[in-house]
Amino acid sequence: MTEIYMDAEIRPNRSLSRKGFIILISLLTAINCVTAVVFVQIGAAFVPVFLGMDLLAVVVAFIASFRAAERIERVQVTAAEVRVIREWRQQAETVWISPTDLTRMAVVERDDDDELIQLRLADRRVTVAQALSPKERAAFARALDRALWRARRARMAGL
């Protein structure tokens, strides 16, 4: 059996639980209802329509955020290969496979004091771990580099 030197599952952080979402939407609905009553009483009958559209936009935005949080990225390193798999809604797509010996990891700095982690092979490249915070991404880069080094060393020892 092939030893796995890294099998990292990367999921986006969710700052709001389903229960928190229900509480937030309930609170916004109550505030909008009170506001709508006030505006109807002073003769602004169309304001409740806009308040309803506002609430609907917030619900749609949160639903989109919850769906995006279901995406999983898996980075696997063995002595033979590096593999990146992206999963979403029970479907998995392998987006990267390369030999461990030839795969290089690069940390690319961007203008906004943020960094990207890329796997590279000749002119191919794939960015990984974008869902992580900058601090988590730095720790992931160190762990990935260490896993690549250990996998290469094990492969060379086995030859």
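The following refers to the structure shown. All of these numbers come straight from a predicted model, not from anything done at the bench. (Residues numbered from 1 in each chain as written. Predicted model: local features only at pLDDT ≥ 70, side-chain atom pairs only at ≥ 80, totals over all residues. Heavy atoms only, no water.)

**Points about the overall build of the chain**
The test is simple: In DSSP terms, a helix is any run of H or I states spanning at least four residues, a strand is any run of E spanning at least two, and both are numbered starting from the N terminus. In this treatment the radius of gyration is a C-alpha quantity, and the globule benchmark scales as 2.2 Å times the residue count to the 0.38 power. Three exposure classes are used, based on accessible area relative to the maximum for each residue type with a 1.4 Å probe and protein chains only: buried under 20%, partly exposed in between, and exposed over 50%.
Each helix and strand in the chain was counted, giving three helices and seven strands. Its helices and strands in sequence order give the chain the pattern β-α-α-β-β-β-β-β-β-α, from N to C terminus. Against the globule reference of 15 Å for 159 residues, the chain gives a C-alpha radius of gyration of 23 Å, more extended than a compact globule. Counting only C-alpha atoms, the chain reaches 85 × 35 × 25 Å along its principal axes. Buried positions account for 29% of the 159 residues belonging to the chain.

**Thoughts on the sheet that holds strand β3 (residues 81-88)**
How we decide: At least two bridges found by DSSP between two strands is the condition for calling them paired. A fitted line through C-alpha atoms serves as each axis, taken over the contacting stretch for helices, and the angle formed by two N-to-C directions is quoted from 0 to 180°. Contact between two residues is taken to exist if any of their heavy atoms lie within 4.5 Å; hydrogens are not considered.
Reading across the sheet, the four strands line up as β1-β2-β3-β4 and stay open at both edges, with antiparallel pairing between neighbours. Two strands in the sheet have a free side with no partner beyond their single neighbour: β1 (4-10) and β4 (91-99). Sheet twist, expressed as the mean angle between neighbouring strand axes with direction ignored, is 15°. Sitting on the sheet, helix α3 (residues 134-158) touches β1, β2 (72-78) and β3, and the angle it makes with β1 is about 155°.

**Considering the sheet that holds strand β6 (residues 115-121)**
In spatial order, the strands read β5-β6-β7; together these three strands make up an open sheet with antiparallel pairing. Each edge of the open sheet carries a strand with a single partner, namely β5 (104-109) and β7 (124-128). Looking at each pair of strands side by side, their axes are set apart by 35° on average, direction ignored.

**Section: the packing of aromatic side chains**
Rules: Planes of paired rings set the category: under 30 degrees apart is stacked, over 60 is edge-to-face and the rest tilted, where pairs are Phe, Tyr or Trp rings (Trp by its six-membered ring) whose centres lie within 6.5 Å. Ring-over charges, as used throughout, are those where CZ of Arg or NZ of Lys falls within 6 Å of the ring centre and within 35 degrees of the ring normal.
Across all of its chains, the model carries three aromatic pairs by this definition. Judged by centre distance (6.3 Å) and plane angle (35°), the ring pair of phenylalanine 62 and phenylalanine 66 falls under tilted. Here phenylalanine 62 pairs with phenylalanine 66, and both are found in helix α2 (residues 47-68), just four residues apart, close to one helical turn. Overall, phenylalanine 62 belongs to the partly exposed group, its relative accessible area being 22%. Judged by its relative accessible area of 5%, phenylalanine 66 is buried. Following the ring pairs from residue to residue traces out a cluster consisting of Phe21, Phe62 and Phe66. In this arrangement the basic side chain of arginine 18 is found over the ring face of phenylalanine 66, its NZ or CZ atom lying 4.5 Å from the centre.

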